[in-house]
Amino acid sequence: DNNLPAFVEALPGDTTVDCASVPSAPVLTATDTCDSDVSVSYTELATNDCSGITRTWVAVDDCGNSVTHTQNITVTDNTDPVITGTPSDISQDNDAENCGGQVTWTLPTATDNCALKSLESDHASGDTFPVGTTLVTYTATDSCGNTATTSFNVVITDTEDPVLVGVPSGIS
């Protein structure tokens, strides 16, 4: 038998899709002139959410004749992540006997239409901030490199009077 098996169904073609719309892989079957039960194997290789997917079907008959079909899916993502729950600006007095203040807040969260890679900040809740205004920025990054940022200010006000030390007695 030198005849190759043949796929029965229409073969899926190469396509470009948004990461949230990757189609399911169809189940393919095959026929052969000398084999009534052709084996069809399927593999899928995805390197990450944005570089694409390679799907391969291989039909093999009892005599070892084979036919292969490959579908390449280009995956795109043009949608930035979404950050929610960003605190409003925070104002507070300095901590006693400290030229700064420890500040805590509820952390924001991030979501993405495909896959969120990270949500990072340049300051952490619970950090001690110096007197003055400090900008706190959060950056969300998805697996395709799209980013979103949000920020708020932490304002620490020095409300302690200075204390004079080492002043000779009798001087007013």
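Everything below is about the structure printed above this text.
A few points on the structure.

Definitions and limits used
- Residues numbered from 1 in each chain as written.
- Predicted model: local features only at pLDDT ≥ 70, side-chain atom pairs only at ≥ 80, totals over all residues.
- Heavy atoms only, no water.
- Core = buried A, V, L, I, M, F, W, Y, C linked by side-chain atoms within 4.5 Å.
- Buried < 20%, exposed > 50% of the residue type's maximum accessible area, 1.4 Å probe, protein only.
- Helix = DSSP H or I, 4+ residues; strand = E, 2+ residues; numbered from the N terminus.
- Contact = heavy atoms within 4.5 Å.
- Pairing = 2+ DSSP bridges.
- Axes fitted to C-alpha atoms, helices over the stretch in contact; angles between N-to-C directions.
- Disulfide = S-S within 2.5 Å.
- Salt bridge = Lys/Arg side-chain N within 4 Å of Asp/Glu carboxyl O.
- Phe/Tyr/Trp six-rings, centres within 6.5 Å; stacked < 30°, edge-to-face > 60°.

1. Section: the nonpolar core
Point 1. Counting residues in hydrophobic clusters, the biggest one holds 9 residues: Ile-90, Val-103, Trp-105, Phe-129, Val-136, Tyr-138, Phe-152, Val-154 and Ile-156.
Point 2. Of all the secondary-structure elements, those providing two or more residues to this core are β13 (132-142) and β14 (147-157).
Point 3. With 3 residues, the top contributor of residues to this core is β14.
Point 4. For Ile-156, the residues in contact, after removing those within four places along its chain, are Gln-92, Asp-93, Asn-94, Gly-100, Gly-101, Val-103, Phe-129, Pro-130, Val-131 and Gly-132.

2. Some thoughts on the sheet that holds β14
Point 1. The 4 strands are arranged β8-β14-β13-β11 in an open sheet whose pairing can be described as mixed. A single partner strand is all that each edge strand has here, and the edge strands are β8 (90-93) and β11 (116-121). The sheet shows a mean angle of 15° between the axes of neighbouring strands, direction not considered.

3. Some thoughts on the state of the cysteines
Point 1. Scanning the model with the defined rule gives 1 disulfide in all.
Point 2. No disulfide involves Cys-63; its nearest neighbouring cysteine sulfur is the one of Cys-34, lying 6.1 Å away.

4. Quick word on the pattern of salt bridges
When the charged atoms of two side chains with opposite charge come close together, those side chains can pair.
Point 1. Under the counting rule described, the total for this entry stands at 1 salt bridge.
Point 2. A salt bridge links Glu-44 to Arg-55; the shortest N-O distance between them is 2.9 Å. Of this pair, Glu-44 sits in strand β4 (residues 39-46) while Arg-55 sits in strand β5 (residues 53-60), and the two are 11 residues apart along the sequence.

5. Topic: the packing of aromatic side chains
Point 1. According to the stated counting rule, one finds 3 aromatic pairs in the structure shown.
Point 2. On the basis of an interplanar angle of 45° and a centroid distance of 5.2 Å, the ring pair of Tyr-42 and Trp-57 is categorised as tilted. Residue Tyr-42 is located in strand β4, and its partner Trp-57 is located in strand β5; the two are separated by 15 residues in the primary sequence.
Point 3. Judged by relative accessible area, Tyr-42 falls into the partly exposed class, the value being 34%.
Point 4. Between the aromatic rings of Trp-105 and Phe-129, the centroid separation amounts to 6.0 Å while the plane-to-plane angle is 50°, which identifies the pairing as tilted. Here Trp-105 is found in the loop between β9 (100-102) and β10 (109-111), whereas its partner Phe-129 is found in strand β12 (residues 128-130), with 24 residues between them in sequence.
Point 5. Classification of Trp-105 by relative accessible area gives buried; the value is 10%.
Point 6. Owing to a relative accessible area of 2%, Phe-129 belongs among the buried residues under this scheme.
Point 7. Put simply, the rings of Trp-105, Phe-129 and Phe-152 touch in pairs and so form one group of aromatic residues.

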